[in-house]
Amino acid sequence: ADAEIVWKNIIRVPRITEAQNGFFYKIGFPKPVEATLSAEGIGGVRHASFERGLVFVETVHEWRPERIIAFHIEVDPEATPLTTLDPHVTVGGDYFDVLDGKYEIEPLGAHRMRLHLKSEHRLSTRFNWYAALWSSFLMRDIQNSILSVIKTRCEKAARMQPTTAR
């Protein structure tokens, strides 16, 4: 797909109906549902909603259309009903938090892009060396699932374009 299609699929994410098979979803971590955007550009606010009421409030601090969107992330742990998870993995809690996220579109050639998704998170435990193994695995698992959904959607949209536009 071209950068325009990829961009449209990352700034706003309509309800996800595609299968999401990450390891952590199988053990009960909430799956992403959708992401909305209040306004395009720096200062816009995305609400990335997950199952069971988990919402990431993402304030855009870098906006380069068809190239980069980056945001600071806030989660209110009091408004997050994650009763099935251990307190050490409650997002926005005392021990774990997600801080920043960034999508970057890398052109590879005509109508070919590589999408990077990066994030930063905080660990505050007495056993960070061990927790870091699991938190990195968790974040990579979630990001790979999100990237898979976006890839499927972008490739489908590219196939639907008239051949003259490709």
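See the structure shown above.
Here's a quick rundown of the structure. (Residues numbered from 1 in each chain as written. Predicted model: local features only at pLDDT ≥ 70, side-chain atom pairs only at ≥ 80, totals over all residues. Heavy atoms only, no water.)

### Some details on the side chain of Ser145
- By the secondary structure assignment, Ser145 is in helix H3 (residues 128–160).
- Note on Ser145: relative accessible area 9%, which makes it buried.
- Apart from the residues within four sequence positions on either side, Ser145 is in contact with Gln20 and Tyr25. (Helix = DSSP H or I, 4+ residues; strand = E, 2+ residues; numbered from the N terminus. Buried < 20%, exposed > 50% of the residue type's maximum accessible area, 1.4 Å probe, protein only. Contact = heavy atoms within 4.5 Å.)

### As for empty space enclosed by the protein
- Throughout the structure, instances matching the rule amount to one cavity of 30 Å³ or more.
- Space inside the largest cavity adds up to approximately 370 Å³.
- Ala48, Phe50, Glu58, Ile142 and Ile146 are the residues nearest the centre of the largest cavity, which is lined by 30 residues in total.
- Secondary-structure elements contributing two or more residues to the lining of the largest cavity are strand E1 (32–37), strand E2 (45–50), strand E3 (55–64), strand E4 (68–74), strand E5 (96–109), strand E6 (112–123) and H3.
- The biggest single contributor to the lining of the largest cavity is H3, with seven residues. (1 Å grid on protein atoms, 1.4 Å probe; cavity = no way out; pocket = protein on both sides within 12 Å on 5 of 7 lines; lining within 4 Å. Points joined across faces, edges and corners; volume = space filled by probe spheres on them.)

### Observations regarding the environment of Gly109
- By the element assignment, Gly109 lies in strand E5.
- A relative accessible area of 37% places Gly109 in the partly exposed class.

### Thoughts on the side chain of Asn9
- Of note, Asn9 is situated in helix H1 (residues 3–11).
- A polar contact is formed between the side chain of Asn9 and the backbone oxygen of Ile5, at a distance of 2.9 Å.
- Once residues within four sequence positions are removed from consideration, Asn9 is found in contact with Ile150, Arg153 and Cys154. (Polar contact = N/O pair within 3.5 Å; in protein donor to acceptor, adjacent residues only side chain to side chain.)

### Quick notes on the pattern of salt bridges
- Scanning the entire structure with this criterion turns up nine salt bridges.
- Here Glu104 and Arg67 are joined by a salt bridge, their closest N and O atoms 3.8 Å apart. Taken together, the positions of Glu104 in strand E5 and Arg67 in the loop between E3 and E4 put the pair 37 residues apart, joining distant regions of the chain.
- Using a relative accessible area of 17% as the deciding quantity, one classes Glu104 as buried.
- Judged by its relative accessible area of 32%, Arg67 is partly exposed.
- The salt bridge partner of Lys118 is Glu104, with a shortest N-O separation of 3.9 Å. One end of the pair, Lys118, is in strand E6; the other, Glu104, is in strand E5, with 14 residues separating them in the sequence.
- Within this structure, Arg67, Glu104 and Lys118 form a network of salt bridges that share partners. (Salt bridge = Lys/Arg side-chain N within 4 Å of Asp/Glu carboxyl O.)

Bear in mind that shape data such as this cannot, by itself, settle questions of function.
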